[in-house]
Each structure stands twice: as C-alpha cells, then as structure tokens.
Amino acid sequence: MKAVTEMSFEEALRELEQVVGQLESGNVDLEKSIAFYERGAELKKHCEAKLAQAQARIEQITLAENGEPSGTAPFDAK
C-alpha cells in the first residue's frame, strides 16, 4: 500500500472513493472498518491539503490592467 504522503491528489481521491465504497457496502468486519475509516481520514486530509495548495497557487496569478493573466507572484506557504 502506497504511503498517502506520496500520492497525487488523483490517486488519493480514487482510493478514498474505494474506501467509502467498502464502508458503505456493510460487508466489512469491525476491525477492517476501523482500519478503512482511519485510512479514509488520512486520505481526506491529504486531498484537502492538495486542494488548498492548488488554490493558493491559483490565487498567486497576477492580472494585467486588461484582466489578462500577466504572470505569477511568489507563493509563500507560511
């Protein structure tokens, strides 16, 4: 199983969808359900962080006076 921190957004989202499907099926024993839930929470957190990074990068795009993108400003992720 790939570490969540090494996954792209798309990989994490695909696995999160699989985890949700397993949990919704009701065919998983309690211990596996807990493990799936924990993995799902980690995947959700990773996806949210990736989305926040993407949003911050988009917000750094600068616009010229005519409203057209003219470049980017440095992103400061403090």
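See the structure above.
The shown structure was predicted, so the numbers you read here are calculated from the model rather than taken from an experiment. (Residues numbered from 1 in each chain as written. Predicted model: local features only at pLDDT ≥ 70, side-chain atom pairs only at ≥ 80, totals over all residues. Heavy atoms only, no water.)

How do you make sense of the packing of helix H1 (residues 9-25) against helix H2 (residues 30-59) when you look at a structure like this?
Packing of H1 against H2 brings their axes to within 9 Å, and their N-to-C directions diverge by 150 degrees. The pairing of H1 with H2 is recorded here as roughly antiparallel in orientation. Seen along the crossing, H1 lies across H2 with a hand that is left-handed. On the side of H1, the interface is formed by Phe9, Ala12, Leu13, Glu15, Leu16, Val19, Gln22 and Leu23, while H2 contributes Ser33, Phe36, Tyr37, Arg39, Gly40, Leu43, Lys44, His46, Cys47, Lys50 and Leu51. Here the residues of the contact of H1 with H2 sort into eleven nonpolar, four polar and four charged. (Axes fitted to C-alpha atoms, helices over the stretch in contact; angles between N-to-C directions. Helix = DSSP H or I, 4+ residues; strand = E, 2+ residues; numbered from the N terminus. Parallel < 35°, antiparallel > 145°, perpendicular 65-115°, else oblique. Left-handed = near helix turned anticlockwise from the far one by under 90°. Contact = heavy atoms within 4.5 Å. Nonpolar A, V, L, I, M, F, W, Y, C, P; charged D, E, K, R; others polar.)

Which parts of the structure should I look at to understand the pattern of salt bridges?
Here the idea is simple: oppositely charged side chains can pair when their charged atoms come close. Overall, the coordinates contain three salt bridges when judged by the stated rule. Notably, a salt bridge pairs Glu11 with Lys2, separated by 3.1 Å at the nearest N-O pair. When its relative accessible area of 38% is taken as the criterion, Lys2 is described as partly exposed. (Salt bridge = Lys/Arg side-chain N within 4 Å of Asp/Glu carboxyl O. Buried < 20%, exposed > 50% of the residue type's maximum accessible area, 1.4 Å probe, protein only.)

Geometry only, nothing functional implied.
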